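Chain residues, written in single-letter form:
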Amino acid sequence: MRIKINHTTKQVGLLFKKTFIEVAVTVLFSHEETQIIRQRNLVKTKLMTRRPATAKVDDHDEPFELKVQDILNGKTDRFLLSDPAAAKRYQETLLETLAQLKLWISDSAELGDDFVVEL
């Protein structure tokens, strides 16, 4: 798994322009990891719930969820944040989440070993 993260500034709005920080993440899975994701039906797994800086108060959370299918096959996921500090915190959370995904994929590769426990 190879992760590429970019931080860029982006202006949104026609009349009243606001500046946001866009965090773009691209994850390149190995062929083996992609096969495990498909075989174990991990494609629709929710990785994290997040709310962009442009979200309205009454918006539902479903469109803002990051799922495995959003980053599979080299797709780039883009997310807007209000300031550089929030973007750095988001990057840390994202890297922790992707590290957990990597661990989950490797655990899903094979069945567990048989063992006996006496209590």
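Structure's up top.
For the structure given in this document, a descriptive report is provided here.

Time to look at the overall build of the chain. When you go through the chain residue by residue, the secondary structure sums to three helices and five strands. From first element to last, N terminus to C terminus, the chain shows the α and β order β-β-α-β-β-α-β-α. Taking 119 residues into account, the globule formula puts the C-alpha radius of gyration at 14 Å, and the chain, at 18 Å, lies well above it. For the chain, the spread of C-alpha atoms along the three principal axes comes to 70 × 35 × 25 Å. The burial tally for the chain puts 32% of its 119 residues in the buried class. Considering only contacts in the chain between residues 6 or more positions apart, those separated by 24 or more positions represent 63%. Accessible surface, the chain as shown: approximately 8600 Å² in total, 51% of it carbon and sulfur.

A separate point is the pattern of salt bridges. Applying the stated rule across the entire model yields six salt bridges. One salt bridge in this structure joins Glu22 and Arg78, with 3.7 Å as the shortest N-O distance. Of this pair, Glu22 sits in strand 2 (residues 18–28) while Arg78 sits in strand 5 (residues 76–81); the two residues are 56 residues apart in sequence, bridging distant segments of the chain. Owing to a relative accessible area of 11%, Glu22 belongs among the buried residues under this scheme. Among the salt bridges present, the one from Glu65 reaches Lys67, with a minimum N-O distance of 3.9 Å. When its relative accessible area of 16% is taken as the criterion, Glu65 is described as buried.

In this section: a nonpolar patch on the surface. Residues Leu14, Leu15 and Phe16 make up a contiguous nonpolar surface patch of roughly 490 Å² in combined accessible area. Within the secondary structure, Leu15 is located in the loop between strand 1 (2–12) and strand 2.

Attention now moves to the pairing of strand 1. Across eleven bridges, strand 1 lies against strand 2 in antiparallel orientation. What sits directly across from Ile3, in strand 2, is Val27. Taking the residues that link successive antiparallel strands as the turn, the strand 1-strand 2 hairpin has five residues, and the phi of Gly13 there is positive, at about 115°.

Below, the discussion takes up the environment of Gln35. Along the polypeptide, Gln35 turns up in helix 1 (residues 31–39). Accessibility expressed as a relative area gives 30% for Gln35, which makes it partly exposed. Note: C-alpha distance between Gln35 and Leu111 (76 residues apart in sequence) is 15 Å.

What counts and what doesn't
Residues numbered from 1 in each chain as written. Predicted model: local features only at pLDDT ≥ 70, side-chain atom pairs only at ≥ 80, totals over all residues. Heavy atoms only, no water. Helix = DSSP H or I, 4+ residues; strand = E, 2+ residues; numbered from the N terminus. Rg over C-alpha atoms; globule rule 2.2 N^0.38 Å. Buried < 20%, exposed > 50% of the residue type's maximum accessible area, 1.4 Å probe, protein only. Contact = heavy atoms within 4.5 Å. Areas by Shrake-Rupley, 256 points an atom, 1.4 Å probe, with all protein chains shown as cover. Salt bridge = Lys/Arg side-chain N within 4 Å of Asp/Glu carboxyl O. Patch = residues over 30% accessible without salt bridge, like charges linked within 9 Å, V, L, I, M, F, W, Y side chains within 5 Å. Pairing = 2+ DSSP bridges.

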